[in-house]
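Residue strings, one per chain:
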Amino acid sequence: MRFSLKSTIAATAAAAVFAVVPAAGATTYATGGSTGMQVVASALAQAYNNSKDNKRHDRFTVTGGGSGAGIKGAASGTFVIGDSSRAPVTTGSSKDASGLVFTPITVEPFVVIVNKANKVSSLTQAQINSIFQGETTNWNQVGGANCPIRGYTRISGSGTLSTFQTLYLGGANVASSFSAVGSNGLVRSAVAGNACAVGFVTFAYTVGTTLPIKALAVSGVAPSLANVKAGKFTYAGYQYFVTKGDPTGPVGDYVNWCRTSATAKAIIEKYALPTSADPTTT
């Protein structure tokens, strides 16, 4: 699939449906969805808005709401780009709307986090599965202190949740005893506030934070970008820009910039790995 980097009359007209024109004459485009991707997406949008490559002085805004909201927003036109931390669903009763294009922007680790006060620093996948299935209920069962596990997960529709279930749990659901919250940031805050807590977030939420959390190694392999790149840490997934049809015109220019520019690559590499993987159409 190729990106069209030139505006057509049709693309410009379609973009106007989703756009707000500020007094200065630049066009503002709304994007949003995945909170797991929000850190990277916000950094990319801010850089592009101020970039000399943005010759029309377009503005891209980023909001959260979850991957489900991002995908539905792209389908309905609420967003020109929906952010998604999960792969497209193309079959079954919960399949995504047809005609959506999922363009991979990054490859990012999905990590299990605990409070820094927890002496556990590494678990096997089987141990993680047992904790999130509600079978292991105290940290002393996996080498930690005598402390009942307080689990946090994400609400339904979360792409971070969907990818975590695929990567760590073989597609199984998280135990109903885990408290479901609305964003990666809320999971991080909850774990930071409880010495016995556990949750999961995208890697970006562990970068540069001063909150008392730590990401767990899996069977001794740390969740670092270097280990993902080397194929040692395999608990990573794509983060996507979702558009209704191929991204064209100003939106296409922005997506292409995020995929190819040196500036975007440098931003992405703080939190994830860049990717040139082919888009998928639902």
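Refer to the structure presented above.
Below is a short write-up of the structure.

Procedures and definitions
- Residues numbered from 1 in each chain as written.
- Predicted model: local features only at pLDDT ≥ 70, side-chain atom pairs only at ≥ 80, totals over all residues.
- Heavy atoms only, no water.
- Helix = DSSP H or I, 4+ residues; strand = E, 2+ residues; numbered from the N terminus.
- Rg over C-alpha atoms; globule rule 2.2 N^0.38 Å.
- Buried < 20%, exposed > 50% of the residue type's maximum accessible area, 1.4 Å probe, protein only.
- Contact = heavy atoms within 4.5 Å.
- Phe/Tyr/Trp six-rings, centres within 6.5 Å; stacked < 30°, edge-to-face > 60°.
- Pairing = 2+ DSSP bridges.
- Right-handed = clockwise from strand over helix to strand, strands pointing away.
- Core = buried A, V, L, I, M, F, W, Y, C linked by side-chain atoms within 4.5 Å.
- Polar contact = N/O pair within 3.5 Å; in protein donor to acceptor, adjacent residues only side chain to side chain.

## Concerning the overall build of the chain
A tally of helices and strands in the chain yields nine helices and 14 strands. Against the globule reference of 19 Å for 282 residues, the chain gives a C-alpha radius of gyration of 19 Å, in line with a compact fold. If you line up the chain on its principal axes, its C-alpha atoms span 65 × 40 × 35 Å. In the chain, which comprises 282 residues, the proportion classed as buried is 52%. The long-range fraction of contacts in the chain, counting pairs at least 24 apart against all pairs at least 6 apart in sequence, stands at 76%.

## What about the packing of aromatic side chains?
A full pass over the atoms with the stated rule returns 15 aromatic pairs. Ring centres of Phe-102 and Tyr-240 lie 5.6 Å apart, and the angle between their planes is 75°; this geometry places the pair in the edge-to-face category. With Phe-102 in strand 5 (residues 100-115) and Tyr-240 in strand 12 (residues 236-244), the pair connects residues that are 138 residues apart, well separated along the chain. Note on accessibility: Phe-102 and Tyr-240 belong to one class, buried.

## Details of the pairing of strand 3 (residues 59-63)
Across the two faces of strand 3 the burial differs, with Phe-60 and Val-62 buried and Arg-59, Thr-61 and Thr-63 not buried at all. Taken together, the five bridges between strand 2 (residues 28-33) and strand 3 define a ladder with parallel strand orientation. Looking at the pairing, Gly-32 lines up with Thr-63 of strand 3. Each parallel crossover has a hand, and the one from strand 2 via helix 2 (residues 38-49) to strand 3 is right-handed.

## Considering the pairing of strand 2
For strand 2, the buried fraction is high: five of the six residues fall into the buried class. Pairing of strand 2 with strand 4 (residues 81-84), which is carried by three bridges, proceeds in the parallel orientation. In the sheet register, Gly-33 faces strand 4, and the bridge partner there is Asp-83.

## A short note on helix 4 (residues 125-132)
All of the buried residues in helix 4 are Ile-128, Ser-130, Ile-131 and Phe-132. Its buried side turned inward, helix 4 meets strand 5, strand 6 (122-123), strand 7 (150-154), helix 5 (159-168), strand 9 (197-202) and strand 11 (217-218). After helix 4 finishes, the residue Gly-134 shows a positive phi value of roughly 80°.

## Focus: the nonpolar core
Within the largest apolar cluster, 45 residues are counted, with the highest numbers of intra-cluster contacts made by Phe-132, Trp-139, Phe-164, Tyr-168 and Val-198. Residue assignment for this core shows that the elements contributing at least two residues are strand 5, helix 4, helix 5, helix 6 (184-192), strand 9 and helix 7 (225-229). With six residues, the single largest contributor to this core is strand 5. Sequence-distant contacts of Val-198, defined by excluding residues within four places in its chain, comprise Val-112, Ile-113, Val-114, Ile-131, Phe-132, Trp-139, Ile-149, Arg-150, Gly-151, Tyr-152, Phe-178 and Val-191. Ranked by size, the runner-up nonpolar core spans 24 residues in total, among them Tyr-29, Val-255, Cys-258 and Tyr-271.

## Quick look at the environment of Arg-56
Mapped onto the elements of the fold, Arg-56 is located in the loop between helix 2 and strand 3. Sequence spacing of Arg-56 and Tyr-254 is 198 residues, and the spatial spacing of their C-alpha atoms is 11 Å. Setting aside chain neighbours within four positions, we find Arg-56 in contact with Ala-26, Gly-249, Pro-250 and Asp-253. In this structure the side chain of Arg-56 is engaged in a polar contact, spanning 3.1 Å, whose partner is the side chain of Asp-58.

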